Amino acid sequence: MTIRLPDTAGGLRTYEPRPEPFAVTPGAPFTSRTVFSAAHVVADPFADTTPDSPAAVDWDATLAFRRHLWSHGLGVAEAMDTAQRGMGLDWAGAAELIRRSAAEARAVGGRIACGVGTDQITAGSLAEVRTAYEEQLALVESSGAQAILMASRALAAAASGPEDYLEVYGHLLRQAAEPVVLHWLGPMFDPALAGYWGSGDLDAATDTFLQVIAAHPDKVEGIKVSLLDAQREIDIRRRLPQGVRCYTGDDFNYPELIAGDDRGFSHALLGIFDPLGPLAAQAVRVLDTGNVAGFRELLDPTVELSRHLFQAPTRFYKTGVVFLAWLAGHQSHFTMVGGLQSARSLPHFARAYELADGLGLFPDPKLAEERMRNLLALYGVTQ
């Protein structure tokens, strides 16, 4: 059986779907790397909402997807960019997501870390930014989850220079009950974060970022770097204080960064591990045996799909992630909070389907093919 898929030139090409999925072998917990998948939320397709409405979430399907990730040994990074924070999911929705997911993690023994931001406010003074951060930090800590201090649009707007970042982050780290993960999200993911850490010069911004960590090494468990710049991440990783982990957030270069070199390696906290979960878990277990070549053999072929999903405008990668979750049978529909299912084109979806199918990511390839055909028919493509 073949399927006709649209290309970027306005024509159709013939594709023969893979008959069998990638064979997943369950295994023991990871030993060489700590690995989180940032997880998407599943919208309620029957809610009468608009793109500006508060998010209507299908909680059962959303939590079921987290159990899927935990079942393969992955940690869940909750209420992060992948969950559409600031792009359909407001703080009220994120707070409910954190409470529910943290409770689910306790019930099943899953590892969870949750995003702490300032999205209760759109702008404000430095004092208001601190207060917003404090409210979210208190909620995450009370839920029993590890805190991830995310980059703040409000802080980027309010700060006049590096000293304001040093003051705000220092204040938060001093009061954090447990060590946190600091997240540097680049402007390719969120244009409002341009100039974060007080400078548009990345060398100067890096120095400020590292200064925050050096002043509070006992309160920083790790950092997540999402700049899509492998060499910069390596340079930052090599300058970290002893005991502070680097979690790669580089969805373009993750195999080489996780594999590492003779001077260290990165752990992982990645949005692309949402669709890659079982395959990524298998690759890490191979790495646990010391087989770097086998790890790269499994994970390197996934980079083409990841670069496709995260192509500019990178912030719309969530659309591809949810699309693949639908094709894989993790949810019954392709609807997103904020109406973000419209953020990518049909040729983009077609290529994502082809690449994911080629990797064997769909547990039921026939279901994925049927759903792809339904989407094509909706767009007027006849087979």
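Residues numbered from 1 in each chain as written. Predicted model: local features only at pLDDT ≥ 70, side-chain atom pairs only at ≥ 80, totals over all residues. Heavy atoms only, no water.

Chemist: Sorry, what's going on with the pattern of salt bridges here?
Modeler: A side chain with one charge may pair with a side chain of the opposite charge, provided their charged atoms come close. The final tally for this structure, using the stated rule, is 20 salt bridges. Ionic pairing is found between Arg351 and Glu304, a salt bridge with its closest N-O pair at 2.7 Å. Taken together, the residues span a long stretch of sequence, with Arg351 in helix 13 (residues 346-359) and Glu304 in helix 11 (residues 303-309) at a distance of 47 residues. Two residues, Arg373 and Glu369, come together in a salt bridge whose shortest N-O distance is 2.8 Å. Linking Arg373 with Glu369, this pair stays in helix 14 (residues 365-378), spanning four residues, or about one helical turn. (Salt bridge = Lys/Arg side-chain N within 4 Å of Asp/Glu carboxyl O. Helix = DSSP H or I, 4+ residues; strand = E, 2+ residues; numbered from the N terminus.)

Chemist: Hey, could you run me through the nonpolar core in this one?
Modeler: Note that soluble globular proteins tend to have their nonpolar side chains buried in a common cluster. Tyr169, Leu182, Tyr196, Ile223, Phe273, Phe323 and Tyr353 are the most contacted members of the largest nonpolar core, which totals 119 residues. Excluding residues that lie within four positions of it along the chain, Leu182 makes contacts with Leu149, Tyr169, Leu173, Phe209, Val212, Ile213, Val220, Gly222, Ile223 and Lys224. In terms of nonpolar packing, the next biggest core, distinct from the first, is built from 10 residues, Ala38, Ala77, Met80 and Met150 among them. (Core = buried A, V, L, I, M, F, W, Y, C linked by side-chain atoms within 4.5 Å. Buried < 20%, exposed > 50% of the residue type's maximum accessible area, 1.4 Å probe, protein only. Contact = heavy atoms within 4.5 Å.)

Chemist: Explain the pairing of strand 7 (residues 180-185) here, please?
Modeler: Counting buried residues in strand 7 gives six out of six residues, a clear majority hidden from the surface. Where strand 6 (residues 146-149) meets strand 7, two bridges bridge the pair, whose relative direction is parallel. In the strand pairing of strand 7, Ile148 is matched with Val181. Of the pairings in the sheet, the one linking strand 7 to strand 8 (residues 220-226) comprises six bridges and is parallel in character. (Pairing = 2+ DSSP bridges.)

Chemist: Looking at this model, I keep getting lost on unusual backbone geometry. Mind explaining?
Modeler: With glycine set apart, most residues show a phi of negative sign, and most peptide bonds adopt trans. Ala312 connects to Pro313 through a cis peptide bond whose omega is -5°. You can see Pro313 is positioned in the loop between helix 11 and helix 12 (317-327). The backbone of Gln84 sits at a positive phi, close to 70°, despite the residue not being glycine. Secondary-structure assignment places Gln84 in the loop between strand 4 (75-78) and helix 2 (91-108).

Chemist: When you look at helix 10 (residues 292-299) in this model, what are you seeing that I'm missing?
Modeler: Each α-helix turn comprises 3.6 residues. Residues three or four places apart therefore point the same way. Among the residues of helix 10, those classed as buried are Gly294, Phe295 and Leu299. The buried residues of helix 10 occupy an angular sector of 120° when the element is viewed end-on, so they sit on one face. Residues of helix 10 that are exposed and angled more than 90 degrees away from the buried face: Ala293 and Glu297. Elements in contact with the buried residues of helix 10: helix 8 (254-259), helix 9 (273-288) and helix 11. (Arc of directions from axis to C-beta.)

Chemist: Would you mind showing me how to read the packing of helix 9 against helix 10 here?
Modeler: The packing of two helices is summarised by the inter-axis angle and the distance between the axes. At a minimum axis distance of 8 Å, the contact between helix 9 and helix 10 shows a crossing angle of 165°. Viewed along their axes, helix 9 and helix 10 adopt a mutual orientation that is roughly antiparallel. Along this stretch, helix 9 crosses helix 10, giving a crossing that reads as right-handed. On the side of helix 9, the interface is formed by Phe273, Leu279, Ala280, Gln282, Ala283, Val284, Val286 and Leu287, while helix 10 contributes Val292, Gly294, Phe295, Leu298 and Leu299. Split by residue class, the contact of helix 9 with helix 10 holds 11 nonpolar, two polar and no charged. (Axes fitted to C-alpha atoms, helices over the stretch in contact; angles between N-to-C directions. Parallel < 35°, antiparallel > 145°, perpendicular 65-115°, else oblique. Left-handed = near helix turned anticlockwise from the far one by under 90°. Nonpolar A, V, L, I, M, F, W, Y, C, P; charged D, E, K, R; others polar.)

Chemist: Please clarify how the pairing of strand 5 (residues 112-116) should be interpreted in this entry.
Modeler: Each regular strand displays side chains that alternate between the two surfaces of the sheet. With respect to burial, strand 5 is a largely interior element, five of its five residues being buried. Across three bridges, the pairing between strand 4 and strand 5 is parallel. Following the sheet pairing, Ala77 is matched in strand 5 by Ala113. Between the parallel elements strand 4 and strand 5, the chain passes through helix 2 in a crossover that is right-handed. Pairing of strand 5 with strand 6 involves four bridges; the strand directions are parallel. Bridge assignment links Cys114 to a residue of strand 6, and that residue is Ala147. (Right-handed = clockwise from strand over helix to strand, strands pointing away.)

Chemist: It is not clear to me how the environment of Ile236 should be interpreted in this structure. Could you clarify?
Modeler: Relative to the helices and strands, Ile236 resides in helix 7 (residues 230-238). Among the residues examined, Ile236 registers a relative accessible area of 0% and is labelled buried.

Chemist: Would you explain the sheet that holds strand 10 (residues 267-270) in this entry?
Modeler: Within a beta sheet, neighbouring strands are joined by backbone hydrogen bonds and run either parallel or antiparallel to one another. One closed barrel accounts for eight strands, arranged 3-4-5-6-7-8-9-10; its pairing is parallel. For this sheet, the mean inter-axis angle between neighbouring strands, taken without regard to orientation, is 25°. Set on the sheet, helix 1 (residues 59-71) makes contact with strand 3 (35-38), strand 4 and strand 5; between it and strand 4 the angle comes to about 140°. Set on the sheet, helix 3 (residues 126-143) makes contact with strand 5 and strand 6; between it and strand 5 the angle comes to about 165°.

Chemist: What is the right way to look at the packing of aromatic side chains in this model?
Modeler: Two aromatic rings are characterised by how far apart their centres lie and by the angle between their planes. Summed over the entire model, instances satisfying the criterion amount to 20 aromatic pairs. A ring pair is formed by Phe310 and Tyr317, whose centres lie 4.2 Å apart and whose planes are at 15°; its orientation type is stacked. Given the relative accessible area of 0%, Phe310 is considered buried. The class for Tyr317 is buried, based on a relative accessible area of 3%. Taking 6.3 Å as the distance between ring centres and 50° as the angle between the ring planes, the aromatic pair formed by Phe323 and Trp326 counts as tilted. Separated by three residues within a single helix, Phe323 and Trp326 lie in helix 12, roughly one turn from each other. In terms of burial, Phe323 and Trp326 fall into one category: buried. (Phe/Tyr/Trp six-rings, centres within 6.5 Å; stacked < 30°, edge-to-face > 60°.)

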